Amino acid sequence: MKHTNDTILAIETSCDETAFSILQRHDDGRISVLSHKVHSQADLHAEFGGVFPAMAKREHDKNFTPLLASAFKEAFDIAIPETMTAEADQAENKSGSNINEQTTLTVESILSREDDLASDLIAYFQSISESDFAMIKERLTGIAVTHGPGLEPALWVGISGAKTLATIFDKPLFPINHMEGHIASVLASSAMSEHGGKVPDVSFPAIALLISGGHTELVSISSWHQYSLIGQTVDDAIGEAYDKVARLLGLPYPGGPHVSRLAETWRSAHPESDAKSHAKHQHGLTPSAEHNEFSLPRPMIHSKDYNFSFSGLKTACLYAVRDTIKAQDDQSLSQEQKEALAAEFEQAASDVLRSKTMRAIEEYAAQTLIIGGGVIANQFIRKNFAALCDESDISLLIPDKSLATDNATMIGLVAHLQIADGKTGFLPTSAEFSDVRAHGNLSL
Ligand code: KG4
Ligand code: ZN
C-alpha cells in the first residue's frame, strides 16, 4: 500500500508526561490518530509534591525509546525487538545496517546530554528489520515537537530526540508551542475516533482559556495561528493552586482530581447550594455557596484587566484551615470540613474564571470559547462553562478528558494545521533546524 498522505510523529516532554502520537492526514482531509501514547511520571513526582525537573528529564530519557517503539508498533505494526535495550557497544556489533557510522556520530552528538538515549535509539533502529526501517521512512512526513513553554531540561529531551529522528529519517522538524497544542486539543476528538475525522471548523473570533498546572491564560484568536495573549496569572497557575490546596488537605500530587472529588462529595450532600449559586451567577453575583461554613475571596474578579491571581486564594485556604483548627482546638479539619473547603475553593476559582472569560467574550465579540489544559478535566468547571455558553449562544469547544492533560496528539494536530497553512518545517541541514531549542517561557 502506498501512503502519500502527510503523517506526523509528534513528541511532547514539556513537563511530567512523555508522549508520542502519530497522526495521518488522508486525501479527503480526515485526520486519523494512528497511535497515542502517554506515559505519566506523576506517581514518581508525588513524593516531592510537584514536578522535580532533573527527575523529569531522567525519566523522559529512560522512557523515550520504549514509548517510541510502542508507538511505531501501534501505528505501523513494527515488531518491538527484544534487543532494544541493548548497550551501545552491543548495538554496534549487531549486523543492523539501518544507521551508518556517520549518522551514529551525528546522533551521539545531538544526544550528548541525554543519558543513554543515543545508545537506546541506535540499538532500537539497528534491531528492527531493514524493511520496517524503510517503511517508517516512507510513511513519516515530519517530526513535531514541543519546544516550550515548560521545564527546559524536560523539553530538551523531546527536542534532541526529535532532531535525532528527523536526522535519521531526513524529515523536516516542526517546533510547536505547547499552549497552541492545548488550544488544538479541542479539535482532536473526531481524529481520535476509529476512522478519524475532519478537523471541525471554528467560528472566529474565538477566546481561549488555558488552564493547567503551569498556566492560566486568556487568548484572543482571530484565526488559526493568530493569537494575542490578553491576560494571565500574576502569580500561581490555577492547577498549581489546586495542587497546593490538595497538599494542605493532606491529599497527594497531582491534587486537582482529589480536591475536585472532595468538592463533589460536598455538593452532592448539599444539592440546594448548586441551584442557589447558579441563580445568583445569572445576576452577576459571586457569592460563596450557601450552607458552606467557609467563605473565600474571588481574587481580582473586579479588576479591569484579564489577569488572574490564585496565590491569594491558596493563602486564604491556608488561613481558613489554621483558624478553624485553632477555634475548635483540634489537629485537623474533619472530613466534612475538608469537603466544604474544597467546594468553596472550587466555587471561588470557577467564579473568577467564568467572570473574566465572559467579559473577554463580550469585549472581543467572540463566537467560540475554547478551553484547554489539564484543569478542564474538572467536571464542575466543564459543567459551569457548558451552562454559560448554552445560555449565551457561544459555541464551546473543550477536549475530551483524556486529551485535557498533556499529550502529543495535540502537538501533532498543530503541525497538521501548520502544514495546511503552507508551512514545511525545518530540514536537518537548515540553520533554523540547528536553532530549534527549549524555550521555558515561550508565549503565544
Ligand atoms: O496541562 P497539564 O496536564 O500539565 C501542565 O501543562 O501543567 O495540567 C496538569 C494540572 C495539575 O495541576 C492537575 O492538578 C490539574 O491539571 N488537574 C485538575 C484536574 N485534573 C488535573 N485540576 C482540577 N480538577 C481536575 N479534575
Ligand atoms: Zn500542559
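Please read these numbers as outputs of a predicted model, since none were measured by experiment.

(A) A look at helix 2 (residues 53–76). With 24 residues, helix 2 should reach 34 Å at 1.5 Å per residue; the first-to-last C-alpha distance of 33 Å fits that figure. Of all the bends in helix 2, the greatest, near 40°, is centred on Phe-64, and the proline Pro-66 appears no more than four residues after it. By the criterion of burial, helix 2 is predominantly enclosed, with 17 of the 24 residues buried. One or two residues past the end of helix 2 sits Asp-77, with phi positive at roughly 55°.

(B) Summary view of the pattern of salt bridges. Taken as a whole and assessed by the stated rule, the structure comprises 16 salt bridges. Across the pair Asp-236 and Lys-244 runs a salt bridge, and its minimum N-O distance is 3.1 Å. Classification of Asp-236 by relative accessible area gives buried; the value is 9%. The class of Lys-244 is partly exposed, set by a relative accessible area of 27%. Here the salt bridges do not stand alone but share partners, grouping Asp-236, Glu-240, Lys-244 and Lys-314 into one network.

(C) Expanded view of unusual backbone geometry. Residue Pro-149 is bonded to the preceding Gly-148 through a cis peptide linkage, with omega at -10°. Within the secondary structure layout, Pro-149 lies in the loop between strand 4 (142–148) and helix 7 (152–169). Cis peptide bonds are those with omega within 30 degrees of zero, and the linkage from Phe-204 to Pro-205 qualifies with 0°. With respect to the helices and strands, the residue Pro-205 is situated in the loop between helix 9 (189–192) and strand 6 (206–211).

(D) Layout of the sheet that holds strand 4. The sheet built from five strands is open, its strands ordered 3-2-1-4-5 with mixed pairing. Single-partner strands in this sheet number two, and they are strand 3 (31–40) and strand 5 (173–177). Strand-to-strand twist across the sheet, computed as the mean angle between neighbouring axes with direction ignored, equals 20°. Both strand 4 and strand 5 contribute to a ladder of five bridges, which runs parallel. Its bridge partner being in strand 5, Ile-143 is matched across the sheet by Leu-173. Together, strand 1 (7–12), strand 2 (17–25) and strand 3 form the strand contacts of helix 2, whose direction differs from that of strand 2 by roughly 25°.

Conventions used here
Residues numbered from 1 in each chain as written. Chains lettered and ligands numbered in written order. Predicted model: local features only at pLDDT ≥ 70, side-chain atom pairs only at ≥ 80, totals over all residues. Heavy atoms only, no water. Helix = DSSP H or I, 4+ residues; strand = E, 2+ residues; numbered from the N terminus. Expected span 1.5 Å × (residues − 1). Bend = angle between axes of the 7 residues up to and from the residue. Buried < 20%, exposed > 50% of the residue type's maximum accessible area, 1.4 Å probe, protein only. Salt bridge = Lys/Arg side-chain N within 4 Å of Asp/Glu carboxyl O. Pairing = 2+ DSSP bridges. Axes fitted to C-alpha atoms, helices over the stretch in contact; angles between N-to-C directions. Contact = heavy atoms within 4.5 Å.

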